[in-house]
Amino acid sequence: MARLIALRSILLLVVVVLVARLAQLQLVQTDAQRFGADIEVTTRRYLTNQPRRGEILDARGALLAESVPIYNLAVVPGQLPSASSAPEQRALTLARLAQIAGLPAFLIIDPASALETNPGLRTELAALGPLPSLTSTAALTLTIAPPDILRALTISQTYRDVAMLANPVEQLLQQANARSYQPVMIKEDISPELVLALRENANYLPGARVIEGFRRRYPLSSAIPSLSHLLGYVGRINACELVAVNPASSWLRGLVDITANAPICGLMAKRIDPASVGLPPYLPSDQIGKDGLEGAYEQVLRGQMGIDSLLVDALQRPVSDVTTLRPVANGYDLVLTIDAQFQAEVERILQRWINEGEQRRQTAREAHKRAYDPIVAGVAVAIDPRNGRVLAMVSLPDYDNNIWVDPARANDLRALLAPPSAEAQRELQRLAPFTNRAIAGQYPPGSTLKQFVGAVALQQGVIAADTKLRDPGLLRLIERSGAEFILPNSVRNRDNGQIDVRDALRLSSNVFFASIAGGNDQATNLDQRSLRITGLGIDQLVEGLSWFNFGRTTGIDLVGEASGRVPTRAWKAQVLREAWTTGDTYNTAIGQGYLEVAPLQLAVAAGAIATDGTLYRPHVVDRIVDENGQLVQQIQPEPLGKAPIEPQHLAAIRQGLLASITDGLGIAAREACSGLRIAGKTGTAEFGPLLITTDGRMVRQSHAWFVGFAPYENPEIVVVVLVEGVGDLNDGSSTIAVPAVTQIMQAYFGITPPENPPSICPVLPQP
């Protein structure tokens, strides 16, 4: 009896232990506790949730850039069949994925002579399409269309000694160099029907994953292509960008990354973040802003990727609920200072005057002018000089940035990136449609620079507002080399007599501004009664131009701004291995020679003249808001500095700029003709090689400039227009650039031309 009781007790104890263990497994213990700490680490998988990229809106709320939800096909390398233990299953999976993604593969026959020695192979390949004629015994590569990839895989396995299938998905995985848990995108924007089929057949496609994402779209860029330079575009992140944007966990790791990629990417800056261990902010399949606002505000627009985790067993089956480690944070939206309607009007006006320039070229009386390249390019920039707000920015030629993000536009993009002939490549290089000439174009400013030279000379005491200098039509001097240097006026041999700085701006006197910059004390063609001055000299001139930020970027919130160039003695000695001359100073003072500016730089500098000397950093973004429209950041006016010029000197310059319109050649801008009180300065800037006219003269083609502001008493807008190559086509500065600026200002203020203007007013083409 005692033994029976003991046996029953043991049996009861065993049952209690089993029930307790079962309860622990089923009701108490979690999957993580069940697998243990080490197994949890090796079986934990991380899932990423892509944020919605922020939108870009114009000043009125019109949508300029949006993110449209799409489905993408990706591959997780670590979930594919092993290349070593299951090569055939891996090859079959990748072949199916390439077929689904519509990616062509390549079948390599090595040696090619196998087609002659193996009739069976030739017969099977012929069923895939016509075979090329054999010209050598080297390897033959055949392009396999997506529908034939599985058949080509069978051929490669049957004739594995001479045939090999190069799968495009495998190549994408190698190029991405992603970690085993990071998805690699192989097909974007797949159809909902394909998404359903992939999910239903997941067992036959291990490693395949459907990822919800977004495709960028620019709704107004087709109708207003000039927006493309402002907006930029997004594209797949490349290897160098991936290294640059993903932070390093330590300075040593960062140094290793920079050094390892320096041969391809060059030197780059890399952020150090000790907390960056683990999943990096950017994956190889991510999109990144490449240009314009998309590039400049990448961190604002992108948002933050969400991260989930779960546990899986040895067969990759989930054994836990999904845990959110970091919630997804969508990107912020940008609201611009630019009104898309005004931008479109500026684009139309500029294109109209470019077309006028081309018509003048074709009908020019002089043969050398008819031989100019077609007139196709120009720039228009409008800013508010009181705060730096960019009101419009147009660079022509332009393009539609949807070609970068719309798969259906791939042929359009290919035509721009890889022209079919050498002639087409040269023409594309000349047109440069991807270049935003407003910030990246660098041009000699011509006579538009004279207002700044005059202001500097007044402030430095070289002249006073009423100082009069003799302008006989040209300056002659003997350079140190013994050669004679001649500087003529814009209108050759025009004797302007005794003039002050206001008259000089009205007449655009080269002689006057060359004299106050480089001096006229060495001139050989001035009589003894003429006032002689030594001028600023190049060093003081360079310092004065720096007051207006020439030679430096403005810091606009766009990618790709150029700094221009203000030449110095040291620059010429280093670059040209030549000494600086007085003639170089003369040329710099009239906006020629080695001096270069970007149109935006000129607009910002002119804004300082128009107001109190303060230069504001130009900005295209007015404010940053979240996805609900709540304000995140208001972009405040930011002074770049203030030119140290007395108010009375600025006033004298403004009077000269007004006189250049009221009594000068800019007739279209006169108040009686335009309905506005406009002041400004034209400029004709020579460029390119010397050309020989039919009468034996040596000439150059020239650009046409006008920079103006309005209203004169209380400026609200500064507009710069440059039309390339039309400066000598019937005085393009006064008859093309001036009316273009006038019409832009009329569009901004909503002013129509007077109904009965004086007969002197030119008849301007209207929309």
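### Observations concerning the overall build of the chain
Next, step 1: Scanning the chain for helices and strands turns up 29 helices and 26 strands.
Next, step 2: Over its C-alpha trace the chain gives a radius of gyration of 35 Å, far above what one expects of a compact globule, namely 27 Å for 767 residues.
Next, step 3: Expressed along its principal axes, the backbone C-alpha trace of the chain runs to roughly 145 × 75 × 55 Å.
Next, step 4: When burial is assessed residue by residue, the chain has 49% of its 767 residues classed as buried.

### Remarks on empty space enclosed by the protein
Next, step 1: All chains considered together, the criterion is met by 1 cavity of 30 Å³ or more.
Next, step 2: Approximately 40 Å³ is the volume found for the largest cavity.
Next, step 3: Along the walls of the largest cavity sit Ile383, Asp384, Pro385, Gly388, Val604, Gly607, Ala608, Thr614, Leu615 and Tyr616, which together make up its complete lining.
Next, step 4: Contributions of two or more residues to the lining of the largest cavity are made by helix 26 (599-610) and strand 20 (614-616).
Next, step 5: The residue makeup of the lining of the largest cavity, split by class, is 6 nonpolar, 3 polar and 1 charged.

### Digging into the sheet that holds strand 4 (residues 105-109)
Next, step 1: Overall, antiparallel pairing links the 3 strands, which are arranged 5-4-6 in an open sheet. Only two strands of the sheet have a single partner each, and these edge strands are strand 5 (140-144) and strand 6 (163-166). Averaged over all pairs of adjacent strands, the angle between their axes in this sheet comes to 25°, without regard to strand direction.
Next, step 2: Where strand 4 meets strand 5, 5 bridges bridge the pair, whose relative direction is antiparallel. Note that in strand 5 the partner of phenylalanine 106 across the bridge is threonine 143.

### Notes on the sheet that holds strand 25 (residues 698-710)
Next, step 1: In spatial order, the strands read 15-14-26-25-24; together these 5 strands make up an open sheet with antiparallel pairing. With one partner strand each, in any of the chains shown, strand 15 (390-396) and strand 24 (679-692) form the two edges of the open sheet. Pairwise comparison of adjacent strand axes, ignoring direction, gives a mean angle of 10° for this sheet.
Next, step 2: Here strand 14 (residues 378-383) runs beside strand 15; their pairing, made up of 6 bridges, is antiparallel. Counted as the bridge partner of isoleucine 383 is valine 390 from strand 15.
Next, step 3: Taken strand by strand, helix 15 (residues 340-363) contacts strand 14, strand 15 and strand 26 (717-723), and its axis lies near 40° from that of strand 15.

### Concerning the side chain of serine 509
Next, step 1: Examined against the element boundaries, serine 509 turns out to sit in the loop between helix 21 (501-507) and helix 22 (510-518).
Next, step 2: Separated by 3.0 Å, the side chain of serine 509 and the backbone nitrogen of phenylalanine 512 make a polar contact.

### Some points on a nonpolar patch on the surface
Next, step 1: On the surface, Trp251, Leu252, Leu255, Val256 and Ile272 cluster together into a nonpolar patch covering about 510 Å² of accessible area.
Next, step 2: Looking at the secondary structure, you find tryptophan 251 in helix 12 (residues 251-265).

### A closer look at the pattern of salt bridges
Next, step 1: Taken as a whole and judged by the stated rule, the model has 40 salt bridges.
Next, step 2: Across the pair glutamate 88 and arginine 160 runs a salt bridge whose closest N-O atoms are separated by 3.7 Å. Taken together, the residues span a long stretch of sequence, with glutamate 88 in helix 4 (residues 87-101) and arginine 160 in the loop between helix 7 (149-158) and strand 6 at a distance of 72 residues. Of the two residues, glutamate 88 and arginine 160, both sit in the exposed class.
Next, step 3: Between aspartate 500 and arginine 502 there is a salt bridge; the shortest N-O distance is 3.9 Å.

### Here's the deal with the packing of aromatic side chains
Next, step 1: Evaluated as defined, the whole model comprises 12 aromatic pairs.
Next, step 2: With 6.1 Å between their ring centres and 55° between their planes, phenylalanine 485 and tyrosine 586 make a pair best called tilted. Here phenylalanine 485, found in strand 18 (residues 484-488), pairs with tyrosine 586, found in helix 25 (residues 582-589); they are 101 residues apart in sequence, far enough to count as distant. In this pair, the class of phenylalanine 485 matches that of tyrosine 586, namely buried.
Next, step 3: In this structure an aromatic cluster arises from ring pairing among Tyr233, Tyr399, Trp404 and Phe434.
Next, step 4: For arginine 302, the ring lying beneath its charged end belongs to tyrosine 282, and the centroid distance is 4.0 Å.

### What to know about the nonpolar core
Next, step 1: In this structure, Met393, Phe452, Ile516, Phe548 and Phe550 are the most contacted members of the largest nonpolar core, which totals 95 residues.
Next, step 2: Counting residues per element, this core draws most heavily on helix 26, which supplies 9 residues.
Next, step 3: Beyond its immediate sequence surroundings of up to four residues, methionine 393 is in contact with Ser226, Leu230, Gln343, Ala380, Val381, Asn436, Ala438, Ile439, Ile556, Leu558 and Leu600.
Next, step 4: Among the nonpolar cores identified, the runner-up in size contains 39 residues, and Leu107, Ala176, Ile190 and Leu198 belong to it.

Parameters at a glance
- Residues numbered from 1 in each chain as written.
- Predicted model: local features only at pLDDT ≥ 70, side-chain atom pairs only at ≥ 80, totals over all residues.
- Heavy atoms only, no water.
- Helix = DSSP H or I, 4+ residues; strand = E, 2+ residues; numbered from the N terminus.
- Rg over C-alpha atoms; globule rule 2.2 N^0.38 Å.
- Buried < 20%, exposed > 50% of the residue type's maximum accessible area, 1.4 Å probe, protein only.
- 1 Å grid on protein atoms, 1.4 Å probe; cavity = no way out; pocket = protein on both sides within 12 Å on 5 of 7 lines; lining within 4 Å.
- Points joined across faces, edges and corners; volume = space filled by probe spheres on them.
- Nonpolar A, V, L, I, M, F, W, Y, C, P; charged D, E, K, R; others polar.
- Pairing = 2+ DSSP bridges.
- Axes fitted to C-alpha atoms, helices over the stretch in contact; angles between N-to-C directions.
- Contact = heavy atoms within 4.5 Å.
- Polar contact = N/O pair within 3.5 Å; in protein donor to acceptor, adjacent residues only side chain to side chain.
- Patch = residues over 30% accessible without salt bridge, like charges linked within 9 Å, V, L, I, M, F, W, Y side chains within 5 Å.
- Areas by Shrake-Rupley, 256 points an atom, 1.4 Å probe, with all protein chains shown as cover.
- Salt bridge = Lys/Arg side-chain N within 4 Å of Asp/Glu carboxyl O.
- Phe/Tyr/Trp six-rings, centres within 6.5 Å; stacked < 30°, edge-to-face > 60°.
- Lys NZ or Arg CZ within 6 Å of the ring centre and 35° of its normal.
- Core = buried A, V, L, I, M, F, W, Y, C linked by side-chain atoms within 4.5 Å.

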